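Results of the structural survey
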Amino acid sequence: MKRTEQIIAQTERVTARNYAPLPVVLTRAEGVFAWDVEGRRYLDCISAYSSLNQGHRHPRILQALISQAGRLTLTSRAVHNDRLGPFLEKLCNAAEMDMALPMNTGAEAVETAIKVARKWGYRVKGVPQDEAEIIVCRNNFHGRTTTIVGFSSEPQYREDFGPFTPGFVTIDYGDAAALERAIGPRTVAFLVEPIQAEAGIIVPPAGYLSAARALCREHRVLLMLDEIQTGLGRTGRLFDYQHEPDAKPDVLILGKALGGGVYPVSAVLASAEVLGLLRPGDHGSTFGGNPLAAAVGEAALEVIIESRLPARAAELGSYLLEKLKTLKSPNVVSIRGRGLLVGIEIAREAGTARHFSEKLLERGVLCKDTHEQVIRLAPPLIVQKDQLDWLVDQLRFALTP
Ligand SMILES: *Cc1c(COP(=O)(O)O)cnc(C)c1O
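As the structure is a computational prediction, the values presented were derived from the model and not from experiment.

Cut-off values and rules
Residues numbered from 1 in each chain as written. Predicted model: local features only at pLDDT ≥ 70, side-chain atom pairs only at ≥ 80, totals over all residues. Heavy atoms only, no water. 1 Å grid on protein atoms, 1.4 Å probe; cavity = no way out; pocket = protein on both sides within 12 Å on 5 of 7 lines; lining within 4 Å. Points joined across faces, edges and corners; volume = space filled by probe spheres on them. Helix = DSSP H or I, 4+ residues; strand = E, 2+ residues; numbered from the N terminus. Nonpolar A, V, L, I, M, F, W, Y, C, P; charged D, E, K, R; others polar. Axes fitted to C-alpha atoms, helices over the stretch in contact; angles between N-to-C directions. Left-handed = near helix turned anticlockwise from the far one by under 90°. Contact = heavy atoms within 4.5 Å. Near = heavy atom within 4 Å. Polar contact = N/O pair within 3.5 Å; in protein donor to acceptor, adjacent residues only side chain to side chain. Areas by Shrake-Rupley, 256 points an atom, 1.4 Å probe, with all protein chains shown as cover. Pairing = 2+ DSSP bridges. Salt bridge = Lys/Arg side-chain N within 4 Å of Asp/Glu carboxyl O. Phe/Tyr/Trp six-rings, centres within 6.5 Å; stacked < 30°, edge-to-face > 60°. Buried < 20%, exposed > 50% of the residue type's maximum accessible area, 1.4 Å probe, protein only. Lys NZ or Arg CZ within 6 Å of the ring centre and 35° of its normal. Arc of directions from axis to C-beta.

Turning next to the layout of surface pockets. In this model, the second largest pocket occupies a volume close to 560 Å³. Lining of the second largest pocket is provided by 23 residues; of these, Arg-77, Leu-84, Ala-100, Leu-101 and Pro-102 occupy positions nearest its centre. For the lining of the second largest pocket, the element with the highest residue contribution is strand β4 (residues 99-103), accounting for 5 residues. Counted by class, the lining of the second largest pocket contains 12 nonpolar, 8 polar and 3 charged residues.

What follows is about the packing of helix α4 (residues 84-95) against helix α11 (residues 291-306). Where α4 meets α11, the axes come as close as 8 Å, and the angle between the chain directions of the two elements is 30°. As for how α4 packs across α11, the hand of that crossing is left-handed. Only Ala-294, Gly-297, Glu-298, Leu-301, Glu-302 and Ile-305 of α11 make contact with α4, whose side of the interface consists of Leu-84, Pro-86, Phe-87, Lys-90, Leu-91 and Ala-94.

Quick look at empty space enclosed by the protein now. If you roll a probe as big as a water molecule over the atoms, it shows you where there is empty space left. Following the criterion strictly, the structure yields 2 cavities of 30 Å³ or more and no others. Counted as a void, the largest cavity has a volume near 70 Å³. Taken together, Asn-139, Asn-140, Phe-141, Ser-152, Ser-153, Glu-154, Tyr-157, Glu-198, Ala-199 and His-371 make up the lining of the largest cavity. Of the residues in the lining of the largest cavity, the class split is 3 nonpolar, 5 polar and 2 charged. Per-class residue counts for the lining of the second largest cavity are 4 nonpolar, 4 polar and no charged.

The next thing to look at is the site of the ligand. If you check the shell around the ligand, you find Thr-105, Gly-106, Ala-107, Phe-141, His-142, Gly-143, Glu-193, Asp-226, Ile-228, Gln-229 and Lys-256 and nothing else. The backbone of Gly-106 places a nitrogen or oxygen atom 2.8 Å from an oxygen atom of the ligand. One of the side-chain N or O atoms of Gln-229 is found 2.8 Å from an oxygen atom in the ligand. About the coverage of the ligand: the protein hides 81% of its 380 Å² of free accessible area. The residue inventory of the shell around the ligand, partitioned by class, reads 3 nonpolar, 5 polar and 3 charged.

Read from one edge to the other, the open sheet built from 7 strands follows the order β4-β10-β9-β8-β7-β5-β6, with strand pairing classed as mixed. Edge positions in the open sheet fall to β4 and β6 (168-171), since each of these has one partner strand only. Neighbouring strand axes in the sheet, compared pairwise and without regard to direction, differ in orientation by 20° on average. Taken together, the 4 bridges between strand β5 (residues 133-137) and β6 define a ladder with parallel strand orientation. In the strand pairing of β6, Ile-134 is matched with Phe-168. Against the sheet, helix α5 (residues 106-125) makes contact with β4, β5, β6, β7 (187-192), β8 (222-226), β9 (251-254) and β10 (266-270), and its axis sits at roughly 155° relative to β7, the strand it touches most. In the packing of helix α9 (residues 208-218) onto the sheet, the strands contacted are β5, β7 and β8, and the crossing angle to β8 comes to about 150°.

On to the pattern of salt bridges, then. Going through the model one piece at a time under the given rule, you end up with 21 salt bridges. Asp-246 is the salt-bridge partner of Arg-217, the closest N and O atoms lying 3.2 Å from each other. Of this pair, Arg-217 sits in helix α9 while Asp-246 sits in the loop between β8 and β9, and the two are 29 residues apart along the sequence. One network of salt bridges, with partners in common, ties together Arg-60, Arg-83, Lys-90, Glu-298, Glu-302 and Glu-306.

With that settled, consider the packing of aromatic side chains. The tally for this structure, following the rule as stated, stands at 5 aromatic pairs. Consider the rings of Phe-33 and Trp-35, whose centres lie 6.3 Å apart with planes at 55°: the pair is tilted. Taken as a pair, Phe-33 and Trp-35 share a single burial class, namely buried. Cation over ring: Arg-28 sits above Trp-35, and NZ or CZ is 4.2 Å from the ring centre. Against the face of Phe-33 rests Arg-41, its NZ or CZ located 3.7 Å from the ring centre.

Our next topic: the environment of Pro-380. By the secondary structure assignment, Pro-380 is in the loop between β15 (374-377) and α14 (385-399). Taking the relative accessible area as the measure of exposure, Pro-380 reaches 0% and is therefore buried. With residues up to four places along the chain from it excluded, the contact list for Pro-380 reads Gly-31, Val-32, Asp-44, Ser-47, Leu-52, Asn-53, Gly-55, Arg-234 and Leu-340.

For the rest of this paragraph, the subject is helix α13 (residues 353-362). Burial in α13 covers these residues: Ala-353, Phe-356, Ser-357, Leu-360 and Leu-361. Down the axis of α13, the buried side of the element spans an arc of 150°, and every buried residue falls inside it. Looking one or two residues past α13, Gly-364 carries a phi angle of roughly 90°, positive in sign.

And the structure:
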């Protein structure tokens, strides 16, 4: 039996099957490439669901991790540490926000945003206690906690996991008129992804975020953007909302690439009017804001900004989309995306996206299906043009009948 099969068998014996991984066992990675235990090399177009914008094991981020590990790693917020302030100051400056609240995973940051929005609703907007409503979109993905899956429209995310937290109203994505109709006196926030990535790279109509911004301002509703996947350069700007005029949110939720591919780091950013409402004891996390996370997060952000990764993603993303449009395969229904977040929708007759992901795996490309029919391509933003040319060649081979 090959090592790959042995390791997969051993892993599956003892691991809950809440994922269906591709049949590959990685053991090493650097930059845009990963190697499996058989010594085969892959171009990583999964990037841990867009957490590896800076590439695998970026030397500067690794150095920050290692040198911080040699000094101080975990304190809890029972005391101060000398890394959190510098990290959050840089993050707030980059996002033009007053304050940030550090957490670890994306779902925790979304939960934090929900709590803060409700508190703002009661304390500032004057919504009666326990009656706050948050508007969300059909086909959203905001994480896997019980509160969050409770407002998912995906049956599998919900089935067998209820009862759920009340207080959420669901509307169609990309429809500003639906948002206007849904807003009522108890609405405290609109929580939305600038692009619905997990739903299959759904890009809303141009002007959607600007319209949502204006409606939220008019009706005193917090606009909360979940940029956990789209943010930090992925779609060609530091934050995806910057593609539209006047779309800056009241609450910005970040995660994934904020950890630089080495450590879980997430954060909620907002004005002092919103985050300033929290009092000691209202919310917390033992690991959130720890010095190792802060050192890594600061380096992760610096690499994105100083290496101009958003501009790279914009340029290379347009290049990739143009080249993909030359594929002209009858198996492909549509190709869409922004920056280096691209979805290829496979025709149902041709098979599942999973089937094509496995074909691409054999050709040295790591990519993953999302929502049955869509292959997501999200390479590290440090990818080179010739590597994208090679990727398109592999796609042409795998997708041509
Ligand atoms: C990945 C993701 C999350 C959840 O992040 P976790 O770190 O997996 O909890 C939330 N929202 C969006 C848009 C995501 O892509």
